[in-house]
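Notes for the structure review
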Amino acid sequence: MRKEIAVISGDGIGPEITAQAIKVLDKIAHKFQHNFIYHQVLAGGCAIDATGSCLPKESLEICLKSDSVLLGAVGGPKWDNQPSSNRPETALLQIRKELGLFANIRPAQLLPQLKDASPLKSSILDKGIDFVVVRELIGGIYFGEHRTREQNGELLATDIMAYTQSQIHRIAKVAFEIARKRRKNVISVDKANVLDSSRLWRKVVEEVAAQYPDVSLSHMYVDNAAMQICKDPSQFDVILTENMFGDILSDEASMITGTIGTIPSSSLGEGTLGLYEPIHGSAPDIANQDKANPIGMILSAALMLDYSFGMKAESQAIQKAVEKILDAGYRTGDMMDAHSKLVGTQAMGTLISEAL
Ligand code: NAD
């Protein structure tokens, strides 16, 4: 199969880790007879340096024309004084919006090899962690009106949390479709005891659930969900939630599975075009030192093969290669323990590609 992939290496550790993902994808292409064409796309701080804009028009056009987008990370202190309309992170929000990527999917899975890196007790971890957070990505409070104005002699700030029925309907469908391929259980997280937007959320999710009689649905308030993720993460299969709740809960979910360096994510729209990125940022503190963990990026590429290109066997081959290298005791600095062998970013990428 021939696939065109837009690659946003970005800033900080971005270029180092995307290079490792491409190394692994090249091996997959060779082994499974595919043709992957990479288009390097400028976005983020490096794009500001080169063109003055965090997302040049041409970059967006390349992403829109590609079969999928792979992203390292953008941002860093160098660009912190940019106006908010031209910050590196604004490029990301723009890409998500222009590509219609309304569903953010973050698996939270405990690799047994990294059990020691989790802050949870082994009595909790022994029950396993294997769930997916399905987060609505282009609605809710992040995209509602933000206003600061003067009222009665003081400043008043408001942020509007708004959802339409159709926005809720389409993200709920994604969650139920994913649950159908897993353990067939959706827990929808909201704050329906307080918020109107959550009450509408609950009503629409129940309507969608009626089309999936094979999948069970229950509801949980977001404050309780935050507690339950720490107390008994094994109870979750698919968590369906809105933009801000999902932002917070998915960070919590990544933390309990160990290091931030190993977690991939995907953002999807109506079609097969998606954006795949590790959940961490550009880690400027370790950039250009061959210290970054490339596994989150490599597993993001594996998700791309599965979700966007329908290459399940290829995706599983990458997952197995990662596990094999962790089983053999190789670790980057963020995963190190007394019994492991320390390797750098490039060596980790090479080991995983050779394990394929
Ligand atoms: P960060 O995720 O970049 O770093 C947090 C900590 O985790 C750091 O100590 C870092 O060294 C470590 N870390 C992160 N990824 C690692 C990896 N692969 N291997 C080993 N260690 C890793 O978060 P931050 O420091 O808050 O943000 C740095 C910059 O990244 C900021 O400019 C922020 O806006 C940006 N950011 C970008 C994205 C994105 O591009 N999607 C996401 C979050 C933050």
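So, a few notes on the structure that sits alongside this text. (Residues numbered from 1 in each chain as written. Predicted model: local features only at pLDDT ≥ 70, side-chain atom pairs only at ≥ 80, totals over all residues. Heavy atoms only, no water.)

All right, on to the site of the ligand then. Neighbouring the ligand are 20 residues; Val74, Glu89, Gly281, Ala283 and Asn293 lie closest to it. Val74 has a polar backbone atom sitting 2.9 Å from an oxygen atom of the ligand. Isolated, the ligand exposes 810 Å² of accessible area, and the fraction of that covered by the protein chains is 68%. Of the residues in the shell around the ligand, the class split is nine nonpolar, seven polar and four charged. (Near = heavy atom within 4 Å. Polar contact = N/O pair within 3.5 Å; in protein donor to acceptor, adjacent residues only side chain to side chain. Areas by Shrake-Rupley, 256 points an atom, 1.4 Å probe, with all protein chains shown as cover. Nonpolar A, V, L, I, M, F, W, Y, C, P; charged D, E, K, R; others polar.)

On inspection of all chains with the given rule, the structure shows four aromatic pairs. Note on Phe176 and Tyr212: the rings are 5.2 Å apart at their centroids and 25° apart in plane angle, and the pair reads as stacked. Residue Phe176 is located in helix 6 (residues 165-180), and its partner Tyr212 is located in the loop between helix 7 (196-209) and strand 9 (216-221); the two are separated by 36 residues in the primary sequence. Of the two residues, Phe176 and Tyr212, both sit in the buried class. If you follow Lys341 out to its NZ or CZ, it ends over the ring of Tyr330, 4.6 Å from the centre. (Phe/Tyr/Trp six-rings, centres within 6.5 Å; stacked < 30°, edge-to-face > 60°. Helix = DSSP H or I, 4+ residues; strand = E, 2+ residues; numbered from the N terminus. Buried < 20%, exposed > 50% of the residue type's maximum accessible area, 1.4 Å probe, protein only. Lys NZ or Arg CZ within 6 Å of the ring centre and 35° of its normal.)

This part covers the layout of surface pockets. In this structure, the largest pocket spans a volume of roughly 1,200 Å³. As for the largest pocket, its lining consists of 37 residues, of which Ile105, Leu303, Asp306, Tyr307 and Lys312 are closest to the centre. Contributions of two or more residues to the lining of the largest pocket are made by strand 4 (103-109), strand 5 (130-136), helix 6, strand 11 (264-268), helix 10 (295-307) and helix 11 (312-327). Examining the composition of the lining of the largest pocket, we find that six residues originate from one element, helix 11, more than from any other. Its residues assigned to classes, the lining of the largest pocket comprises 16 nonpolar, ten polar and eleven charged. When residues of the lining of the largest pocket are sorted by domain, at least three fall in each of domain 1 (1-102 + 260-356) and domain 2 (119-256). Computed from the structure, the second largest pocket encloses a volume of approximately 430 Å³. (1 Å grid on protein atoms, 1.4 Å probe; cavity = no way out; pocket = protein on both sides within 12 Å on 5 of 7 lines; lining within 4 Å. Points joined across faces, edges and corners; volume = space filled by probe spheres on them. Domains from an automatic or database assignment.)

Let us now look at a nonpolar patch on the surface. Nonpolar side chains collect at one region of the surface, where Leu93, Tyr142 and Phe143 lie side by side and expose about 250 Å² of accessible area between them. Within the secondary structure layout, Tyr142 lies in the loop between strand 5 and strand 6 (146-151). The class for Tyr142 is partly exposed, based on a relative accessible area of 34%. (Patch = residues over 30% accessible without salt bridge, like charges linked within 9 Å, V, L, I, M, F, W, Y side chains within 5 Å. Salt bridge = Lys/Arg side-chain N within 4 Å of Asp/Glu carboxyl O.)

Turning our eyes to something else, we now look at the pairing of strand 10 (residues 238-241). Burial along strand 10 is two-sided: Val238 and Leu240 facing one way and Ile239 and Thr241 facing the other are all buried. As paired elements, strand 5 and strand 10 share four bridges and run parallel to each other. Residue pairing for strand 10: Val133 is matched across the bridge by Ile239. Sheet topology places strand 8 (residues 185-190) next to strand 10; four bridges connect them, and they run parallel. Within strand 10, the position partnered with Ile187 by the bridge is Ile239. (Pairing = 2+ DSSP bridges.)

Turning our attention to the environment of Ile295. Note on placement: Ile295 falls in helix 10. Residue class for Ile295 comes out buried when judged on its relative accessible area of 0%. Sequence-wise, Ile295 and Lys23 are 272 residues apart; in three dimensions their C-alpha atoms are separated by 12 Å. When residues no more than four places from it in sequence are discounted, the contact partners of Ile295 are Gly261, Thr262, Val322, Leu326, Met335, Met348 and Ile352. (Contact = heavy atoms within 4.5 Å.)

In this section: the packing of helix 6 against helix 7. At a closest axis distance of 9 Å, the pairing of helix 6 and helix 7 adopts a crossing angle of 50°. On the basis of their axis angle, the class for helix 6 and helix 7 is oblique. Crossing of helix 6 over helix 7 shows right-handed handedness. On helix 7, the residues that touch Gln165, Ile168, His169, Ile171, Ala172, Lys173 and Phe176 of helix 6 are Leu200, Trp201, Lys203, Val204, Val205, Val208 and Ala209. Residue composition of the contact of helix 6 with helix 7, grouped by class: ten nonpolar, two polar and two charged. (Axes fitted to C-alpha atoms, helices over the stretch in contact; angles between N-to-C directions. Parallel < 35°, antiparallel > 145°, perpendicular 65-115°, else oblique. Left-handed = near helix turned anticlockwise from the far one by under 90°.)

Our focus in this paragraph is empty space enclosed by the protein. Over the atoms rolls a probe the size of a water molecule, and in doing so it shows where empty space is left. The full count for this structure, using the stated rule, is one cavity of 30 Å³ or more. The dominant element in the lining of the largest cavity, judged by the number of residues it contributes, is helix 7, at three residues.

One open sheet accounts for ten strands, arranged 2-1-3-12-11-4-5-10-8-9; its pairing is mixed. Looking at which strands have only one partner, the edges of the open sheet turn out to be strand 2 (35-40) and strand 9. Shown here is a sheet whose adjacent strand axes are inclined to one another by a mean of 25°, direction ignored. Relative to strand 3 (residues 68-73), strand 1 (residues 2-10) runs parallel, the two sharing five bridges. Along strand 3, the bridge assignment pairs Ile5 with Ser68. Taken strand by strand, helix 7 contacts strand 5, strand 8, strand 9 and strand 10, and its axis lies near 170° from that of strand 9.

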